[in-house]
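Structural overview for review
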Amino acid sequence: MSSLSRELVFLILQFLEEEKFKESVHKLEKESGFFFNMKYFEEKVQAGEWDEVEKYLSGFTKVDDNRYSMKIFFEIRKQKYLEALDRQDKAKAVEILVTDLRVFSTFNEDLYKEITQLLTLGNFRENEQLSKYGDTKTARSIMLLELKKLIEANPLFRDKLVFPTLKSSRLRTLINQSLNWQHQLCKNPRPNPDIKTLFTDHTCAPSNGALGATPVNLPVAAVAKPAAFTSLGTHGPFPPAAAAANASALAGWMANAAASSTVQASVVTASSMPMPPNQVSILKRPITPPATLGMVDYQNLEQEQLMKRLRLAQNVEEVTYPASRQQVSWSLDDLPRMVAFTMQQGSTVTSMDFHPSHHTLLLVGSGNGDITLWEVALRERLVTKQFKIWDMTACSLPFQASIAKDAPIPVSRVAWSPDGNVIGAAFTKHLIHLYAYTGSNDLRQQLEIDAHVGCVNDIAFAHPNKQLCVVTCGEDKLIKVWDMNGRKLFNFEGHEAPVYSICPHHKENIQFIFSTAIDGKIKAWLYDNIGSRVDYDAPGQWCTTMLYSADGSRLFSCGTSKDGDSFLVEWNESEGAIKRTYNGFRKKSTGVVQFDTTQNHFLAAGEDNQIKFWDMDNVNVLASIDADGGLPSVPRLRFNKEGNLLAVTTADNGFKILATAAGLRSLRAIETPSFEALRTPVESAALKVAGTSATAANISPNEPKVERSSPIKPSSILNGVDTAARSTEKPRSLEDVTDRSKPWQLAEIVEPGQCRHVTMSDNSDSSSKVSRLLYTNSGVGILALGSNGVQKLWKWFRNEQNPSGKATCNVVPQHWQPNSGLLMTNDVSGVNPEEAVPCIALSKNDSYVMSACGGKVSLFNMMTFKVMTTFMSPPPASTFLAFHPQDNNIIAIGMEDSTIHIYNVRVDEVITS
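Residues numbered from 1 in each chain as written. Predicted model: local features only at pLDDT ≥ 70, side-chain atom pairs only at ≥ 80, totals over all residues. Heavy atoms only, no water.

Within an unreviewed UniProt entry, the label attached to the protein chain reads CTLH domain-containing protein, and the organism entered is Vitis rotundifolia. Per UniProt, the protein chain has the following entry under Subcellular location (unreviewed entry): "Nucleus". (UniProt positions renumbered as here; feature names shortened; annotations may be inferred.)

Shown next, in the form of structure tokens:
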């Protein structure tokens, strides 16, 4: 709602208060949620009208919104429960306990049990904590003081506790000013006009004029809307600028979906009142004649103006595409069909998105909750952010209850902001995370929002009013728009099923959002609170995704029905109808088919363990590839913005990068061969380095493919050097060799200068040798387990010499200990160090390390170095340790007698052997 519309509500509240419409005042306060009347709230609490108290509160917050809201509702319901017990009304107390207080049991079960036990007491004051409970009136007053503090501290009540300062009868004053303005425009103004209605524009009848319509006997003090009320919409948070009548193809959708919008169904008429030239721009805006007295005619006139522009576009001919598109010659070589390489993510890849300007920077979301940033040209995982909740106290109660029981929450969608500075991640439960990306190999936590109840199905960025916003949709059937501070700007309701996907877009200056739900409904929304402008059925009537071509001129959707039938179509926006349906889906899909567009010319979809390509202007399949196999039945895929790279998911928790010839060249251009750069041109030219399947596609097709688990390609060449070729091969340029070499391939090291090293000195115990070494998963530290059972940690810290803070030979790491000075020391009593088999394992989040040196297994806290627990006393002694990848409490232990034990730290027992 625009700021002026919000102020209008305050004017109406003032008017209702002045006219003594008490009940209406508080209903509007609650329904608008703009002003919390603390005085009214206090009255209802002191009167013990608990149902009205909660009903009024519900207009501003719900019990599970945050910890303040939870405490507010708990105090009210606890007081209601105690009063029932005090009246000896056990039946009512049980009802309150079951229906009102039970919701808090998921958060604090012990407290709920304690409250329940009060039923067994003859007088609940026998409970020590309630021994000072006085009479009901005093108890309510004490509770009220606590409630006021909670309400004032609750961020949901911010700016809602103070009524704006207004002159008395402000609404009347504005109406009188409007009437005076109308009177000045009369052709024959009378000195003392008799204004008897607000239902029509005022005009003075001619002196000899005919009798006008019978006036409505309504006092001037009434608040009906004068027809020429100045538009409030232009001051809204996202005002649409004037757009040409033929600019918006969305107009056809909105105009044809009249049944879905009361605004569209309105008859628009223009004022015929004569006016001076300088008033034309003000008065020519059409208005909607009021049918009934009420707020309906006070709606945001910004939308009335917008809908006029959209209606004018109905007669515009169908959008034609630029002729240049037909003149460009296209071939299969423009499609990324050559497999460059395969990368392992380590968990099911659920979503991918390329950076909008760095075309080899790929963002990947995973089923284990990880968010990973890849530089695909370097085959390098730049940074991984493991799932964790940043602020549990800010999360809703149902979410807190559910997260305590489950594994990390999978990522449902990742997306870059249009400028590439922000990353958005949606999860399958409630949350979205926003990270700031500044160009370094790091992501900075920016914002966490408990956005939806249930799964957050999609996340996207939009720029209404040139302000970057986040748009989300979810299982709770809602679409929400957030600013970058986490403030909810819009809450779109209207879908009758969970919302599956969203597609924010704009035509000229008209910003809108397409949404699809799992019942197959397509709706469109402007950034207002009026509701959906479109209500259509998607083919298949189940899960559907909508995308625009890169230039924004063509709209496509792809989806799958519950029966497994898939549909890829192009829409005629001006008519809201399907323009063409693409052929080529042969099998019943077991999942929802995903698709993408590229170069304003091609479509691609993953189906039947293949990638299928279409020309946008041809309904038949252009090409199908299996990308050398290994694809899931319904692979996910994503083009980079140039269209020369295509990322596609694999069945073994990874993804492949496919490329065009130009894409392969761009990958090689970014590569930085670490060893080749150190050689002289003569030495480099003398080496023949084994190629990979990436370049084999257009260089050496007979070479074997790279195995996924191997860092180099199987080859008869030893250590990457073909010695026989040295004497026979013609020397080539350095540029040629650099083109063919890959940074992960082995190369001959012939000079000590090609190596770098750093020494981590430790003189504390020269008799102890290093038995095991382990890098931390974050890459910022290294653990050393000594033969004496002592573990030590060295860390690299971020500074000018090491801006990434990662392990490097350029900077000496620092030996790190907590302030307590503790050492991580294993049990080595009675152990012969020469016979012991040291073993060590680190949890995935680097929070815990467990190790053993022939004695008991010790579990250490990596922050404090404290021993959390010890277990598995020898014999037999442990020889190998491993954490479960998703649960740090589950540990696998290999023993020297060849047995393997699965140990649960939480219950301190071996659960299987």
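1. Let's talk about the pairing of strand β39 (residues 890–895)
Along β39, 5 of the 6 residues are buried, which leaves the element largely enclosed by surrounding structure. Judged from the 5 bridges that link them, strand β38 (residues 878–883) and β39 form a sheet pairing that is antiparallel. From the neighbouring strand, F883 faces β39, where its bridge partner is I891. In this antiparallel pair of consecutive strands, β38 and β39, the connection spans 6 residues. (Buried < 20%, exposed > 50% of the residue type's maximum accessible area, 1.4 Å probe, protein only. Helix = DSSP H or I, 4+ residues; strand = E, 2+ residues; numbered from the N terminus. Pairing = 2+ DSSP bridges.)

2. What to know about the sheet that holds strand β23 (residues 602–607)
Across the sheet, which stays open at both edges, the 4 strands sit in the order β22-β23-β24-β25 with antiparallel pairing between neighbours. In the strand order of this sheet, the two ends are held by β22 (595–598) and β25 (621–625), each with one partner. Each strand axis lies, on average, 20° off the axis of its neighbour in the sheet, ignoring direction. Where β23 meets strand β24 (residues 610–615), 6 bridges bridge the pair, whose relative direction is antiparallel. Paired with L603 across the two strands is W614, which belongs to β24. (Axes fitted to C-alpha atoms, helices over the stretch in contact; angles between N-to-C directions.)

3. Overview of the pairing of strand β20 (residues 566–572)
A large share of β20 lies buried, amounting to 6 of its 7 residues. With 6 bridges connecting them, strand β19 (residues 555–560) and β20 associate as antiparallel partners. Bridging from a neighbouring strand, T560 pairs with S566 of β20. The turn joining β19 and β20, which pair antiparallel and follow one another in sequence, is formed by 5 residues; a positive phi near 95° is taken by G564. In the sheet, β20 pairs with strand β21 (residues 577–582) via 5 bridges, with the strands oriented antiparallel. What sits directly across from N572, in β21, is A577. Following β20, the chain reverses through 4 residues before pairing antiparallel with β21; G576 in that reversal takes a positive phi of roughly 65°.

4. Regarding the UniProt feature "repeat: WD" (unreviewed entry) in the protein chain
UniProt marks residues 342–384, 449–492 and 593–624 with the feature "repeat: WD" (unreviewed entry), using the numbering shown here. Counted over residues 593–624, helix gives 0% and strand 62%. Its end C-alpha atoms are 15 Å apart.

5. Re the nonpolar core
Ranked by internal contacts, the top residues of the largest apolar core, which has 40 residues, are F36, F41, L57, Y81 and L101. Sorting the residues of this core by element identifies α3 (38–47), α4 (50–57), α5 (67–86), α6 (90–101), α7 (109–117) and α8 (136–153) as the ones contributing at least two each. For this core, the leading source of residues is α5, giving 9 residues. Residue contacts for F41: discarding those within four places in its chain leaves F36, V53, L57, I76, L144, L147 and I151. (Core = buried A, V, L, I, M, F, W, Y, C linked by side-chain atoms within 4.5 Å. Contact = heavy atoms within 4.5 Å.)

6. Remarks on the sheet that holds strand β16 (residues 521–526)
If you walk across this open sheet you meet the 4 strands as β14-β15-β16-β17, and the pairing is antiparallel. Of all the strands in the sheet, just β14 (499–507) and β17 (534–537) have a single pairing partner and so form its edges. Neighbour-to-neighbour, the strand axes of the sheet open up by a mean angle of 20°, direction not taken into account. Here β16 pairs with β17 via 4 bridges, running antiparallel. Bridge pairing links K523 to D535 in β17.

7. Observations concerning unusual backbone geometry
For the bond running from P874 to P875, omega is -10°, close enough to zero to count as cis. Relative to the helices and strands, P875 resides in the loop between β37 (867–871) and β38. Omega for the peptide link from P875 to P876 comes to -10°, which places this bond in the cis form. Mapped onto the secondary structure, P876 falls in the loop between β37 and β38. Positive phi values are uncommon outside glycine, yet Q88 reaches one of about 60°. Position of Q88 relative to the elements: it lies in the loop between α5 and α6. The partly exposed category is assigned to Q88, whose relative accessible area is 49%.

8. A look at α3
When α3 is considered as a whole, its buried residues turn out to be M38, Y40, F41, K44 and V45. Down the axis of α3, the buried side of the element spans an arc of 160°, and every buried residue falls inside it. Its side-chain oxygen 3.2 Å from the backbone nitrogen of K39, N37 forms the N-cap of α3. Positive phi appears at G48, one or two residues downstream of α3, with a value of about 70°. (Arc of directions from axis to C-beta. Polar contact = N/O pair within 3.5 Å; in protein donor to acceptor, adjacent residues only side chain to side chain.)

9. With respect to the packing of helix α1 (residues 3–18) against helix α9 (residues 170–184)
Where α1 contacts α9, the axes come no closer than 8 Å and their chain directions differ by 110°. Between α1 and α9, the interaxial angle falls into the category roughly perpendicular. Between α1 and α9, the residues in contact are L8, L11, I12, Q14, F15 and E18 and R170, L171, R172 and L174, respectively. In the contact of α1 with α9, the residues fall into 6 nonpolar, 1 polar and 3 charged. (Parallel < 35°, antiparallel > 145°, perpendicular 65-115°, else oblique. Nonpolar A, V, L, I, M, F, W, Y, C, P; charged D, E, K, R; others polar.)

10. Description of the side chain of Q791
Note on placement: Q791 falls in strand β31 (residues 790–795). Residue classification places Q791 among the buried positions, given a relative accessible area of 1%. In terms of polar contacts, Q791 uses its side chain to reach the side chain of S851, at 3.0 Å. If sequence neighbours within four positions are ignored, Q791 has contacts with A784, L785, M824, N826, I840, V849, S851 and F860.

11. Thoughts on the side chain of R77
One can find R77 in helix α5. Excluding residues that lie within four positions of it along the chain, R77 makes contacts with E54, I96, D100, L101, V103 and F104.

12. What about the packing of aromatic side chains?
The tally for this structure, following the rule as stated, stands at 25 aromatic pairs. With 5.0 Å between their ring centres and 80° between their planes, F124 and Y133 make a pair best called edge-to-face. Under the relative-accessibility criterion, Y133 is labelled buried at 12%. Pairwise contacts between aromatic rings join F36, Y40, F41, Y56, F60 and F157 into one cluster. Of note, R6 hangs over the ring of F34, and the distance from its end group to the ring centre comes to 5.0 Å. One residue, K795, lies across the ring of W816, its end atom 4.3 Å from the ring centre. (Phe/Tyr/Trp six-rings, centres within 6.5 Å; stacked < 30°, edge-to-face > 60°. Lys NZ or Arg CZ within 6 Å of the ring centre and 35° of its normal.)

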